[in-house]
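Report on the structure
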Amino acid sequence: MSSSKIRHITRNHVFTFGLDHLSTAVEAFIIDRQSSGLSPNTIQFYRNCLRRFIQFCDSQAITQIDQVAPDTIRAYLLWLEQNGHNPSGRHAHYRTLRAFMFWLESELGEDTYRAPIRKVKPPKVPKEIIEGVSLDDVQRMIDACKGNRFTDLRDKALLLFLLDTGTRASEALAIDLADVDFATGGVLIRKGKGNKSRMVYFGRNTRRAITAYLKSREDDHPALWVNEKGERLTRYGLDKTLRLRAKQAGITNPPSAHDFRRAFALNMLRSGCDVFTLQRLMGHSDLTVLRRYLAQNENDLQQAHQRFSPVENLTRKG
């Protein structure tokens, strides 16, 4: 079925049930996003944020689209802050509302509906330096995996893989053995964010660890990463593994899989990788997204200046 037909069916569904009702409009927006081919994770993120917004509106006796005013959105953002959402989290909710309301404006036409969020400024997000997991902590977690048990070999390989490839958690868990070229260290990510495929790579040390882990397996599951039952490792299983190894290593704040991704980006940059190559390895559509991972601290800037200073280089040449 063509996208135009899907959109036409969606419109008919929307207007049959009344787009003026907030919850119905939200569901229509979700259907439209699904028909556009967005990833299940993105769809779930939209659904969770908008469900929270509907709950807030219900508490204010707001059920119709035309009841949502700029002040409603401002009060909602303040409510999120009062309930423990940090600036980044509030900004994520703001972006979701903006996508929903702009879509609604497009569906109905600006003569019928004007998105009230146009008059609401987005929450300010402080530019924090988030380096991700430190290499020292990674080494401590790897040291906690010493042994020849299946879980020890798997967890060591998994930790090295996350740091060496910079893959998202969902991407790493979706990899099949057939996607891995052990001769080159190349891994095909079939469905990255936005359903885009790309290649990532791992080095010799990671390859040795993965090979040792695979030799310990007794299952025939096609997945690269499996649990003790021989089933594909889940996100819950991955998070549990990271928490366990962090605890064994004496690390107070367990790193997430995304902390490994941040560490990959920043350490690649520090080692001299150019930003355009790094952008492709991480699967970012543009450099704007990559900048969030590359907040350099003062020591980074000082070392960069020492290395590239035109005056110092002129002196060296002299």
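Summarised in this report is the structure supplied together with it.

About the thresholds
Residues numbered from 1 in each chain as written. Predicted model: local features only at pLDDT ≥ 70, side-chain atom pairs only at ≥ 80, totals over all residues. Heavy atoms only, no water. Pairing = 2+ DSSP bridges. Helix = DSSP H or I, 4+ residues; strand = E, 2+ residues; numbered from the N terminus. Axes fitted to C-alpha atoms, helices over the stretch in contact; angles between N-to-C directions. Parallel < 35°, antiparallel > 145°, perpendicular 65-115°, else oblique. Left-handed = near helix turned anticlockwise from the far one by under 90°. Contact = heavy atoms within 4.5 Å. Nonpolar A, V, L, I, M, F, W, Y, C, P; charged D, E, K, R; others polar. Salt bridge = Lys/Arg side-chain N within 4 Å of Asp/Glu carboxyl O. Buried < 20%, exposed > 50% of the residue type's maximum accessible area, 1.4 Å probe, protein only. Expected span 1.5 Å × (residues − 1). Core = buried A, V, L, I, M, F, W, Y, C linked by side-chain atoms within 4.5 Å. Arc of directions from axis to C-beta. Polar contact = N/O pair within 3.5 Å; in protein donor to acceptor, adjacent residues only side chain to side chain.

**Topic: the sheet that holds strand S1 (residues 180-181)**
Taken together, three strands build an open sheet; the order of strands is S1-S2-S3 and the sheet is antiparallel. Each having just a single partner strand, S1 and strand S3 (198-201) make up the two edges of the open sheet. By the bridge criterion, four bridges tie strand S2 (residues 186-189) to S3 in an arrangement that is antiparallel. Pairing of Val-187 across the sheet is with Val-200, part of S3.

**Examining the packing of helix H4 (residues 70-82) against helix H5 (residues 87-108)**
For any two helices packed against each other, one specifies the inter-axial angle together with the distance between the axes. For the pair H4 and H5, the least separation of the axes is 10 Å and the interaxial angle reads 150 degrees. Comparing the axis directions of H4 and H5 gives the class roughly antiparallel. For the pair H4 and H5, the sense of crossing is right-handed. Contact residues: Ile-73, Tyr-76, Leu-77, Leu-80 and Glu-81 in H4; Arg-90, His-93, Tyr-94, Leu-97 and Met-101 in H5. In terms of residue class, the contact of H4 with H5 is built from seven nonpolar, one polar and two charged.

**Examining the pattern of salt bridges**
Applying the stated rule across the entire model yields 17 salt bridges. Measuring nitrogen to oxygen at the nearest pair gives 2.5 Å for the salt bridge that ties Glu-171 to Arg-168. Both residues of the pair, Glu-171 and Arg-168, count as buried. Close ionic contact of Arg-235 with Asp-239 constitutes a salt bridge, the shortest N to O distance being 3.3 Å. Of the two residues, Arg-235 and Asp-239 are both situated in helix H10 (residues 235-248); the distance of four residues between them amounts to about one turn of the helix. Given a relative accessible area of 44%, Arg-235 falls into the partly exposed group. The exposure class assigned to Asp-239 is partly exposed, which follows from its relative accessible area of 24%. Salt bridges here are not isolated pairs; linked through shared partners, they connect Arg-149, Asp-152, Arg-154, Asp-155 and Arg-245.

**Quick word on the packing of helix H2 (residues 22-35) against H5**
It is the contact of H2 with H5, at a shortest axis distance of 10 Å, that shows an interaxial angle of 95 degrees. Put simply, H2 runs roughly perpendicular to H5. The residues of H5 that touch H2, namely those facing Leu-22, Ala-25, Val-26, Ala-28, Phe-29, Asp-32 and Arg-33, are Ala-99, Phe-100, Trp-103 and Leu-104. Taken together, the residues that form the contact of H2 with H5 break down as nine nonpolar, no polar and two charged.

**Comments concerning helix H11 (residues 257-270)**
The terminal C-alpha atoms of H11, which comprises 14 residues, lie 20 Å apart, in line with the 20 Å expected from a rise of 1.5 Å per residue. Along H11, the residues that are buried comprise Ala-257, Asp-259, Phe-260, Arg-261, Ala-263, Phe-264, Ala-265, Leu-266 and Leu-269. Positive backbone phi, at 110 degrees, marks Gly-272, one or two positions downstream of H11.

**Structural notes on the nonpolar core**
Grouped together as the largest cluster of nonpolar side chains are 38 residues, with contacts concentrated most on Met-141, Phe-161, Val-187, Trp-225, Leu-238 and Phe-260. Of all the secondary-structure elements, those providing two or more residues to this core are helix H6 (135-143), helix H7 (150-165), helix H8 (169-174), S2, helix H9 (204-215), H10 and H11. For this core, the element with the highest residue contribution is H7, accounting for eight residues. When neighbours within four sequence positions are excluded, Met-141 is seen to be in contact with Leu-159, Leu-242, Arg-245, Ala-246, Ala-249, Ile-251, Pro-255 and Phe-260.

**Section: unusual backbone geometry**
Despite not being glycine, Ala-61 has its phi angle at roughly 60 degrees, a positive value. Counting through the fold element by element, Ala-61 comes out in the loop between helix H3 (40-59) and H4.

**Quick look at H9**
Look at H9: 17 Å from first C-alpha to last across twelve residues, which is about the 16 Å you get at 1.5 Å a residue. Taken together, the buried positions of H9 are occupied by Thr-206, Ala-209, Ile-210 and Tyr-213. Across the axial projection of H9, the buried residues extend over an arc of 95 degrees, all falling on one side. Residues of H9 that are exposed and point more than 90 degrees away from the buried face comprise Arg-204, Arg-208 and Lys-215. Those residues of H9 that are buried lie in contact with H7.

**A few points about the environment of Thr-184**
Relative to the helices and strands, Thr-184 is located in the loop between S1 and S2. Taking C-alpha positions, Thr-184 is 8.4 Å from Phe-202, a pair spaced 18 residues apart along the chain. Sequence-distant contacts of Thr-184, defined by excluding residues within four places in its chain, comprise Tyr-201 and Phe-202. Among the polar contacts made by the side chain of Thr-184, one reaches the main-chain amide nitrogen of Gly-186 at a distance of 3.2 Å.

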